[in-house]
Structures are given as structure tokens and as C-alpha cells.
Amino acid sequence: MNDDTRTGITKNAGANEDSLRMVSADPISGEVLSDEELRPDTLDGFIGQPRLKAQLGLFLDAARKRDVAPDHILLAGPPGLGKTTLAMIVAKEMNVPIRITSGPAIQHAGDLASMLSSLESGEILFIDEIHRLPRAAEELLYIAMEDFRVDVMVGKGPGASSIPLTLPRFTVVGATTREGMLPSPLRARFGFTAHLDFYPHEELERLIERSASVLQVALVGDAATELSLRSRGTPRIANRLLRRVRDWAVVHDLVEVSSDDVRQALSLYQIDTEGLDRLDIAVLSAVVKQFNGGPVGLNNLSAMVGEEAETVETVCEPYLVREGFLMRTPKGRVATDKAWRHLGLEAHTDVSKLF
Ligand code: ADP
């Protein structure tokens, strides 16, 4: 039990952590390797995002024909939508090696300088969460991206001097979930920027069918559709739910998995027909039942469901708002008619309370 002294509300037991993580778009522990086995390695094998694929395909073809390293590429979008996968595809399609790092892993500009100075010609440098690079590393990166040069410091103190080192042509592929946090000089150095969007159900369905064949799970009838509807538009979640369904099939000795099996397996994890888990439902129920539909502030709401405000704001709300269950208004969070109905109640949204 936790008490929130600001609100005077006693936190209840809160949502079950496992169920929350089942629909988290970030990888959960041990999942990075499982992600690997399901990554397509060609642009053709990458499902959905047709416009992005066409643009990127053209961009890479042109570089190949001109026999140069492609311009730097920025991939922006929420977690789990395929940014790392695309970076690896770029390397495969260009037939060049790829080095993988991330903003938080580079603690000092020197870490980045030594990485840059050991790049081979044409190599891809993938920097995940590029918005989290330290400032000094960011500045070093601008120069390296623009002039293919890095200034290496030699010596210490007043006698220190910098020696410019020319780098071979290489391509930075940066990925970010927070494009707005990238300083504009850095953003300006990317010749190609792609925004990944959440996947429509039909695309997720195809992705699930592909993953099912890799994992050798025989989905029949509407099983792939059932899974896609619960996957929150996110491939990583779709693949995770599929693996849990596979567990169910293995334990029950099923040769084929039907939509009914999917429903039963996922109800065990308390994921409902709209992809809402226990915490989402706890949030909606609190707004509807405890706060009579809202408006309610984030702190009161998170205290009521026994979760950190940040978790409610970054894990639950984006999906609830996107799917039209919740509105963020200047006065606080308000449940929509769809939320009332989803909870089996008569719709009750009072529009006068919104503004
Ligand atoms: P991000 O880097 O955006 O967090 P990843 O590239 O790691 O996401 O993708 C997460 C998982 O989803 C991986 O297993 C990947 O293979 C799969 N995936 C993502 N997008 C696609 C896609 N368009 N087609 C097939 N699989 C995908």
C-alpha cells in the first residue's frame, strides 16, 4: 500500500505488472533475442508502411546505382514499430556491416569519437534513442556526419591539441521515439527522415501470419485477426501475444490454433477484445466510476489506480486517447461514451465539462 500525501488517496494494490508488460511496446527482459528471430531481413519482407518502404527503396536504389553510401537516415516513431529492423534491413540491402549503439550507451564524446574513427567505408552506424546523446557527443556527430571528420584530442591540459582525422563515407541511421527532442542542427543532417505509424489491423494480421509461420504455429480461421485486434497497432506486441498463444497451444497439445484459443489464452493475461489490459481498464474504471467520467488530473488518477503518473501517461494514455476511450482536456482526463460502453455502462459523457 502506498499513500499519496498530495491527494490523500490511498493507492490500491494496483494493476498486475505482468499484464501491464504484455502490452508494453518496449522490449521486456529476455525478449531482445526473440525479437531477432522474427526480424525480416529485406525491405520486401518488411510488412506494411507502404509509402515509407517505397521511399526508402528508391533512396537505397539510387545510392547503389551511384555506388555511394546513402545519406544519413532518421527513423522516428513510437517503440516497437520496426526502427531497429529497418536499420538492419538498410545494412543488408546495401550489403555493408552495421554497428549498433544508443544515445544512453555513449556517455562521453570520446566514446563516440573512437567508434567513428574505427568505421569501415560504407558502414552503417545505428544510434538508437539518438535524442539521448550527451551534448558534447551530439556536436561531434554533426561534424562527422557533415564533413566526415572527427577531431581527436591528443594530450591533456594546456598542451592538449586536436588532430583532425578524416573518416571514410559512412551512414548514420538514427532512431528516436521523441523526434521533438532532437536539436534542429542534428535533425538537419539527415537526408532521409521516415515517420513510422501504428499499423492498421490488416497489416498486423499479415505480420502475425508471417511470424506464425516462422514460429511454426498453425493459426486457423480468424485467429490472426483476433490477435491483431489486441496488438495496439504495434508489431512487437503482436509478436509477444503470438508467443503467449504458442505457449497455450504447446501446453494444450493443439495442432491448430483457432480464434477461440486466442481468446482463451489472452484472457488469461487479462487482455480484452480492444487490446486493453488490466491497467487500462483500471484507468478507465477510475475515471468513469470514481470520478464520474472526469475531468480528473493525472496525479489523482494514477494514485487511484496505484501506478506511477509517468506509467499512466506514457503507457496507457496514448493508446486510450488514440482509440477514443479517453480525452485529454485542459481540465483533466475525461472518459468518452466509448469508454462508458466498453465498461458495460450507459454512455454518460457530459460535454459541458470538457472545456
Ligand atoms: P523498434 O526498434 O521500433 O522498437 P523493432 O525493429 O525492434 O522496433 O521491432 C520489434 C519487433 O517487431 C521485431 O521482432 C521486429 O521483427 C518486428 N517488426 C517490427 N516491424 C515489423 C514489420 N514491418 N514487419 C515485420 N516485423 C516487424
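Residues numbered from 1 in each chain as written. Predicted model: local features only at pLDDT ≥ 70, side-chain atom pairs only at ≥ 80, totals over all residues. Heavy atoms only, no water.

Asks: Kindly report on the overall build of the protein, identifying the contributing residues and their values.
Replies: Looking only at helices and strands, one finds 15 helices and 11 strands in the protein. C-alpha extents for the protein along the principal axes are approximately 70 × 55 × 35 Å. Carbon and sulfur atoms form 50% of the exposed surface of the protein, whose accessible area is close to 17200 Å². Across the protein, the mean location of the 39 positive side-chain charges is 4 Å away from that of the 51 negative side-chain charges. (Helix = DSSP H or I, 4+ residues; strand = E, 2+ residues; numbered from the N terminus. Areas by Shrake-Rupley, 256 points an atom, 1.4 Å probe, with all protein chains shown as cover. Lys, Arg positive; Asp, Glu negative; His and termini not counted. Charge placed at Lys NZ, Arg CZ, Asp CG, Glu CD.)

Asks: Can you break down the site of the ligand residue by residue, with the values?
Replies: Around the ligand sit 18 residues in total, of which Ile 47, Gly 80, Lys 83, Thr 84 and Thr 85 are the nearest. Interatomic distance of 3.3 Å between a backbone N/O atom of Leu 81 and an oxygen atom of the ligand. For the ligand, an oxygen atom lies 3.1 Å from a polar atom in the backbone of Gly 82. When the ligand is considered free in solution it has 560 Å² of accessible area, and contact with the protein chains removes 97% of it. At the level of elements, helix H4 (83-94) and helix H10 (235-251) are the ones that each hand at least two residues to the shell around the ligand. Split into classes, the residues belonging to the shell around the ligand amount to nine nonpolar, five polar and four charged. A domain-level breakdown of the shell around the ligand finds at least three residues from each of domain 1 (2-195) and domain 2 (201-268). (Near = heavy atom within 4 Å. Polar contact = N/O pair within 3.5 Å; in protein donor to acceptor, adjacent residues only side chain to side chain. Nonpolar A, V, L, I, M, F, W, Y, C, P; charged D, E, K, R; others polar. Domains from an automatic or database assignment.)

Asks: Give me the lowdown on the environment of Gly 344, citing residues and values where you can.
Replies: Topologically, Gly 344 is positioned in the segment after helix H15 (337-342). Note on Gly 344: relative accessible area 64%, which makes it exposed. On a C-alpha basis, the gap between Gly 344 and Leu 75 in space is 40 Å, while along the polypeptide they are 269 residues apart. (Buried < 20%, exposed > 50% of the residue type's maximum accessible area, 1.4 Å probe, protein only.)

Asks: Mind laying out the environment of Ile 100, listing which residues take part and the relevant values?
Replies: Turning to its location among the elements, Ile 100 is positioned in strand E4 (residues 98-102). A relative accessible area of 46% places Ile 100 in the partly exposed class. Along the sequence, Ile 100 and Asp 128 sit 28 residues apart, while their C-alpha atoms lie 7.8 Å from each other. The residues touching Ile 100, leaving out its near neighbours within four places in the chain, are Met 88 and Phe 126. (Contact = heavy atoms within 4.5 Å.)

Asks: Break down the domain arrangement of the protein for me, citing the residues and quoting the values.
Replies: For the protein, the assigned domains are domain 1 (2-195), domain 2 (201-268) and domain 3 (278-344). For domain 2 versus domain 3, the distance between C-alpha centres works out to 28 Å.

Asks: Account for the packing of aromatic side chains, naming residues and giving values.
Replies: Tallied over the entire structure, the rule returns two aromatic pairs. Here Phe 59 and Phe 192 contribute two aromatic rings whose centre-to-centre distance is 4.8 Å and whose plane-to-plane angle is 35°, an arrangement assigned as tilted. In this pair, Phe 59 is assigned in helix H3 (residues 50-66) and Phe 192 in strand E9 (residues 192-195), connecting sequence segments 133 residues apart. The same class applies to Phe 59 as to Phe 192, namely buried. (Phe/Tyr/Trp six-rings, centres within 6.5 Å; stacked < 30°, edge-to-face > 60°.)

Asks: Can you lay out unusual backbone geometry for me, pointing to particular residues and giving the numbers?
Replies: With an omega of 5°, the peptide bond between Gly 294 and Pro 295 qualifies as cis. Turning to its location among the elements, Pro 295 is positioned in the loop between helix H12 (278-290) and helix H13 (298-305). The phi angle at Asn 95 is positive, at roughly 60°, despite the residue not being glycine. Examined against the element boundaries, Asn 95 turns out to sit in the loop between H4 and E4. Phi is positive for Arg 232, which is not a glycine, with a value near 55°. Checked against the element boundaries, Arg 232 lands in the loop between helix H9 (223-229) and H10.

Asks: Explain the UniProt feature "binding site: DNA" (unreviewed entry) in the protein to me, using residue names and the numbers behind them.
Replies: Taking the numbering used here, the UniProt-annotated feature "binding site: DNA" (unreviewed entry) corresponds to Arg 328 and Arg 333. Locating Arg 328 in the fold gives a position in strand E10 (residues 326-329). One polar contact links the side chain of Arg 328 to the main-chain carbonyl oxygen of Glu 313, over a distance of 3.4 Å. Here Arg 333 lies in strand E11 (residues 332-335). The buried category is assigned to Arg 333, whose relative accessible area is 13%. (UniProt positions renumbered as here; feature names shortened; annotations may be inferred.)

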